[in-house]
Amino acid sequence: MKPLLIAGNWKMYTVRASAIELAQQLRAGLASLLAQGGLEVVLLPPAPFLLEVVQVLAGTAIAVGAQCCHGEDEGAYTGAVSAPMIASTGARWVLCGHSERRRLFGESNREVGAQLRAALRAGLRPVLCVGETLEQREAGRTHEVVALQLRHALEGLDGAQAARVVIAYEPVWAIGTGRSASPQQAAEVHGAIRALLPAAAASEVRILYGGSVKPDNAAELLGQPQIDGVLVGGASLHADSFCAIAQAGSAVARARLAHETAGDSAARAAAGG
Ligand code: PGA
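What counts, and where the lines are drawn
Residues numbered from 1 in each chain as written. Predicted model: local features only at pLDDT ≥ 70, side-chain atom pairs only at ≥ 80, totals over all residues. Heavy atoms only, no water. Helix = DSSP H or I, 4+ residues; strand = E, 2+ residues; numbered from the N terminus. Rg over C-alpha atoms; globule rule 2.2 N^0.38 Å. Contact = heavy atoms within 4.5 Å. Areas by Shrake-Rupley, 256 points an atom, 1.4 Å probe, with all protein chains shown as cover. Lys, Arg positive; Asp, Glu negative; His and termini not counted. Charge placed at Lys NZ, Arg CZ, Asp CG, Glu CD. Buried < 20%, exposed > 50% of the residue type's maximum accessible area, 1.4 Å probe, protein only. Pairing = 2+ DSSP bridges. Right-handed = clockwise from strand over helix to strand, strands pointing away. Axes fitted to C-alpha atoms, helices over the stretch in contact; angles between N-to-C directions. Core = buried A, V, L, I, M, F, W, Y, C linked by side-chain atoms within 4.5 Å. Near = heavy atom within 4 Å. Polar contact = N/O pair within 3.5 Å; in protein donor to acceptor, adjacent residues only side chain to side chain. Nonpolar A, V, L, I, M, F, W, Y, C, P; charged D, E, K, R; others polar. Phe/Tyr/Trp six-rings, centres within 6.5 Å; stacked < 30°, edge-to-face > 60°. Lys NZ or Arg CZ within 6 Å of the ring centre and 35° of its normal. Salt bridge = Lys/Arg side-chain N within 4 Å of Asp/Glu carboxyl O. Parallel < 35°, antiparallel > 145°, perpendicular 65-115°, else oblique. Left-handed = near helix turned anticlockwise from the far one by under 90°.

Engineer: Mind showing me how you'd approach the overall build of the chain here?
Structural biologist: From N to C terminus, the chain includes 11 helices and 8 strands. Its C-alpha radius of gyration of 18 Å places the chain within 12% of the 19 Å reference for a compact globule of 273 residues. Within the chain, contacts between residues separated by at least 24 positions form 73% of all contacts whose residues are at least 6 apart in sequence. On the chain, roughly 12200 Å² of surface is accessible, and the fraction owed to carbon and sulfur atoms is 54%. Of the side-chain charges in the chain, 23 are positive and 24 negative, and the distance between the mean point of each set is 2 Å.

Rendered as structure tokens:
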């Protein structure tokens, strides 16, 4: 079973002291859950705090990542952060193409593709964010928009590279609005995304849901077999709510594992062994 992935995107929140404090609270709050297995947790603090958050979480199973990176490895790009810089802090992940980057910073599908390739070159695991606006959904264009975002981002990757990518389906209308997609809406788009992945990577790639994930809807969303984890924004800024979401993930992971184990034993019994 692929571990369920619970990622926390801190966006442009926290200062140095509160970032360290939140990381310390999560280190303590998630230790016993992570020891049970089946769950992977990634925290995405603001870039200036990557190094210290990595240090706070050293020796734990909690990984750290950045919220974006530039598509070039280095150069005269004032203010930008490169994938090799991120990797050199000990962070292992990076978001690519979050809708706030696309919408507020004008990042195009082409740039997101360049960032994703830069992340892979630096040995980082990219989380590629895709999703439609409300207008696009209402016009029946959800699949078309998501397919285009995927195609640009994954173009030219071989199966092994594509398998290192995690995809986050984040409908733009659900981000920060308190209005999450229904589990059925999310599952439907997740299925469509998986069908569009290169065959060599399709079964490996985890597809997360993001957009107003909270403790009270996490269990139902994660309960969908098509959903391999969640990308959490607002609720990741409080240790209590993020730990409650991770708790829901852990329960789902254990149920899936039990289901798989039961299936394996039944298959062995049927084969006479
Ligand atoms: P939200 O943000 O959970 O606050 O809706 C999700 C995201 O932007 O990744």
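Engineer: Just checking my understanding: could you explain the pairing of strand S7 (residues 207–210) for this structure?
Structural biologist: Two faces belong to every sheet, and in a regular strand the side chains alternate between them. Where burial is concerned, the two faces of S7 agree: the one with Ile 207 and Tyr 209 and the one with Leu 208 and Gly 210 are both buried. Bridge analysis of strand S6 (residues 166–169) against S7 gives 3 bridges, and the strand direction is parallel. Bridge pairing in S7 links Ile 167 to Ile 207. Crossover S6 to S7 through helix H9 (residues 183–196) is right-handed. Two elements, S7 and strand S8 (residues 229–232), share 2 bridges in a ladder whose sense is parallel. Among the inter-strand pairings, Gly 210 is bridged to a residue of S8, identified as Leu 231.

Engineer: Even after reading the chapter, I still don't get the sheet that holds S6, so can you show me in this structure?
Structural biologist: Where strands meet in a sheet, backbone hydrogen bonds hold them as pairs that are either parallel or antiparallel. Read once around its circumference, the closed barrel built from 8 strands follows the order S1-S2-S3-S4-S5-S6-S7-S8, with strand pairing classed as parallel. The mean inter-strand angle of the sheet, taken between neighbouring strand axes irrespective of direction, is 25 degrees. Contacting strand S5 (125–130) and S6, helix H7 (residues 142–154) runs over the sheet at an angle of about 155 degrees to S5.

Engineer: Help me out: how do you make sense of the nonpolar core in this one?
Structural biologist: Considering soluble globular proteins, one finds that nonpolar side chains tend to be buried as a cluster. Counting 76 residues, the largest nonpolar core has Leu 26, Leu 30, Leu 128, Ile 167, Ile 193 and Tyr 209 as its most contacted members. Those residues in contact with Leu 26, other than ones at most four positions away along the chain, are Trp 10, Leu 43, Ile 62, Ala 239, Phe 242 and Cys 243.

Engineer: Any chance you could explain the site of the ligand here in plain terms?
Structural biologist: Neighbouring residues of the ligand: 13 residues in total, closest Lys 11, His 98, Glu 170, Gly 176 and Ser 212. Within the side chain of Glu 170, an N or O atom sits 2.7 Å from an oxygen atom of the ligand. Expressed as a share of its isolated accessible area of 280 Å², the protein-covered part of the ligand is 97%. In terms of residue class, the shell around the ligand is built from 4 nonpolar, 7 polar and 2 charged.

Engineer: It is not clear to me how the packing of aromatic side chains should be interpreted in this structure. Could you clarify?
Structural biologist: How two aromatic rings sit relative to each other is set out by the distance from centre to centre and by the angle between their planes. By the definition in use, this model includes 1 aromatic pair. Between the NZ or CZ atom of Arg 101 and the centre of the ring of Phe 105, over which it lies, the distance is 4.0 Å.

Engineer: Looking at this structure, I do not really get the pattern of salt bridges. What am I missing?
Structural biologist: Where charged atoms of side chains with opposite charge meet at close range, the side chains can pair. One pass over the full model with this rule turns up 8 salt bridges. One salt bridge connects Asp 73 with Arg 121, and the closest N-O pair in it is separated by 3.0 Å. With Asp 73 in the loop between strand S3 (62–66) and helix H3 (83–88) and Arg 121 in helix H5 (residues 109–121), this residue pair connects regions lying 48 residues apart in the sequence.

Engineer: Quick question: what am I supposed to make of the environment of Leu 128 here?
Structural biologist: Along the chain, Leu 128 turns up in strand S5. For Leu 128, a relative accessible area of 0% gives the class buried. The sequence separation of Leu 128 and Ser 182 amounts to 54 residues, and the corresponding C-alpha distance is 21 Å. Residues in contact with Leu 128, not counting those within four places in the same chain, are Cys 96, Arg 102, Val 112, Leu 116, Leu 150, Ala 153, Leu 154, Val 165, Val 166, Ile 167 and Ala 168.

Engineer: What am I meant to see in the packing of H7 against H9 here?
Structural biologist: Two measures define how a pair of helices packs: the angle their axes make with one another and the distance between the axes. Running from N to C, H7 and H9 cross one another at 40 degrees; their axes reach a closest spacing of 10 Å. Comparing their axes, H9 and H7 come out oblique. The interaxial crossing formed by H7 with H9 has right-handed handedness. Between H7 and H9, the residues in contact are Thr 142, His 143, Val 146, Ala 147 and Leu 150 and Glu 188, Val 189, Ala 192, Ile 193 and Leu 196, respectively. Residues of the contact of H7 with H9, tallied by class, amount to 7 nonpolar, 2 polar and 1 charged.

Engineer: In this structure, what is going on with unusual backbone geometry? I would like to understand it.
Structural biologist: What is expected of a backbone is that most residues other than glycine have negative phi and most peptide bonds are trans. Despite not being glycine, Lys 11 has its phi angle at roughly 50 degrees, a positive value. Of note, Lys 11 is situated in the loop between strand S1 (4–9) and helix H1 (16–35). For Ser 212, which is not a glycine, the phi torsion comes out positive at approximately 55 degrees. Residue position: Ser 212 is located in the loop between S7 and helix H10 (215–222).

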